[in-house]
Amino acid sequence: MSEAEEIDWPTEEGIWMAYLEEMGCWFPLKARLLKKYAPGVPHLPMPIVAQWPESIQRWPYTFQRCHPAKRWRRPTEEEMAKARNFYGEETPS
């Protein structure tokens, strides 16, 4: 999938750009497999969950139909560098 191609939900873990309708902009959010939070259920297919900023201090993960963002895409290299900086992650050399 190219970085410009939009989809309705992230397909793998990592940083994704979510279109926030209320703000009218793209914002980087993290997506994760739910199994990392439910290790006792190894045989079921696990959904992807994505962050949603409820407040400055609270960024819970939520499911697809509960998440306000309906448009997602991979970040450009520049957006990824800014997102990693925002999340305090090191940029690979």
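All residue numbers here refer to positions counted from 1 along the written sequence of the relevant chain. Where local features are concerned, this predicted model is filtered to residues with pLDDT of at least 70; where side-chain atom pairs are given and counted, the filter is 80 or more; whole-chain, interface and lining totals use all residues. The side-chain values count all of the structure's non-hydrogen atoms but skip hydrogen atoms and water molecules.

Engineer: Is there a simple way to think about the pattern of salt bridges in this case?
Structural biologist: When a carboxyl oxygen of Asp or Glu is within 4 Å of a side-chain nitrogen of Lys or Arg, the pair counts as a salt bridge. One pass over the structure, following the stated rule, counts 6 salt bridges. When the shortest N-O distance is used, the salt bridge between Glu79 and Arg73 registers 2.8 Å. Only protein chains enter the accessibility calculation, which uses a 1.4 Å probe; a residue is then buried when its area is under 20% of its type maximum, exposed when over 50%, and partly exposed in between. With relative accessibility at 10%, the residue Arg73 sits in the buried group. The residue Glu78 makes a salt bridge to Lys82 at a minimum N-O spacing of 3.2 Å. Taken together, the residues span about one helical turn, with Glu78 and Lys82 both in helix H1 (residues 77-86) at a distance of 4 residues. There is no split in this pair, since Glu78 and Lys82 are both exposed. Under the DSSP-based scheme used, a helix requires at least four consecutive residues in state H or I and a strand at least two consecutive residues in state E, with every element numbered from the N terminus.

Engineer: Help me understand the environment of Phe27 in this model?
Structural biologist: The residue Phe27 is located in strand E2 (residues 25-33) in this model. Each C-alpha atom of the pair Phe27 and Ala83 lies 8.7 Å from the other, and the pair is 56 residues apart in sequence. Between two residues, a contact is recorded if the distance between any of their heavy atoms is within 4.5 Å. Phe27 has contacts with Trp16, Met17, Ala18, Leu20, Trp59 and Phe86, leaving out every residue within four places of it along the chain.

Engineer: Before we go on, may I ask you to explain the pairing of E2 in this structure?
Structural biologist: Two faces, one strand: in a regular strand the side chains alternate between the faces of the sheet. When DSSP finds two or more bridges between two strands, those strands count as paired. Sheet topology places strand E1 (residues 14-20) next to E2; 7 bridges connect them, and they run antiparallel. Counted as the bridge partner of Leu20 is Cys25 from E2. Following E1, the chain reverses through 4 residues before pairing antiparallel with E2; Gly24 in that reversal takes a positive phi of roughly 70°. The sheet contact formed by E2 and strand E3 (residues 48-51) spans 3 bridges and is antiparallel. By the bridge assignment for E3, Leu33 is matched with Ile48.

Engineer: How should the confidence of the model for the protein chain be read in this particular structure?
Structural biologist: Detail in the predicted coordinates should be disregarded across regions flagged by low pLDDT. Put simply, the protein chain has an average pLDDT of 86, and 83% of its residues get 70 or more. Confidence per residue, as judged by the predictor, is encoded in pLDDT with a range of 0 to 100. Between the elements of the protein chain, mean pLDDT differs from a low of 90, seen in strand E4 (residues 61-62), to a high of 97, seen in strand E5 (residues 72-73).

Engineer: What is the right way to look at the pairing of E1 in this model?
Structural biologist: Burial analysis of E1 places 6 of its 7 residues in the buried class, the great majority of the element. Here E1 runs beside E5; their pairing, made up of 2 bridges, is antiparallel. What sits directly across from Ala18, in E5, is Trp72.

Engineer: How do you make sense of the sheet that holds E5 when you look at a structure like this?
Structural biologist: The pairing of strands in a sheet happens through backbone hydrogen bonds and is either parallel or antiparallel. The strand order across the open sheet formed by 5 strands is E4-E3-E2-E1-E5, and the pairing between neighbours is antiparallel. The open sheet terminates on both sides in strands that have one partner only, identified here as E4 and E5. Helix axes are fitted only over the stretch in contact, all axes being lines through C-alpha atoms; the angle between N-to-C directions runs from 0 to 180 degrees. Contacts from H1 reach E1, E2 and E5 within the one sheet, and its direction differs from that of E1 by about 100°.

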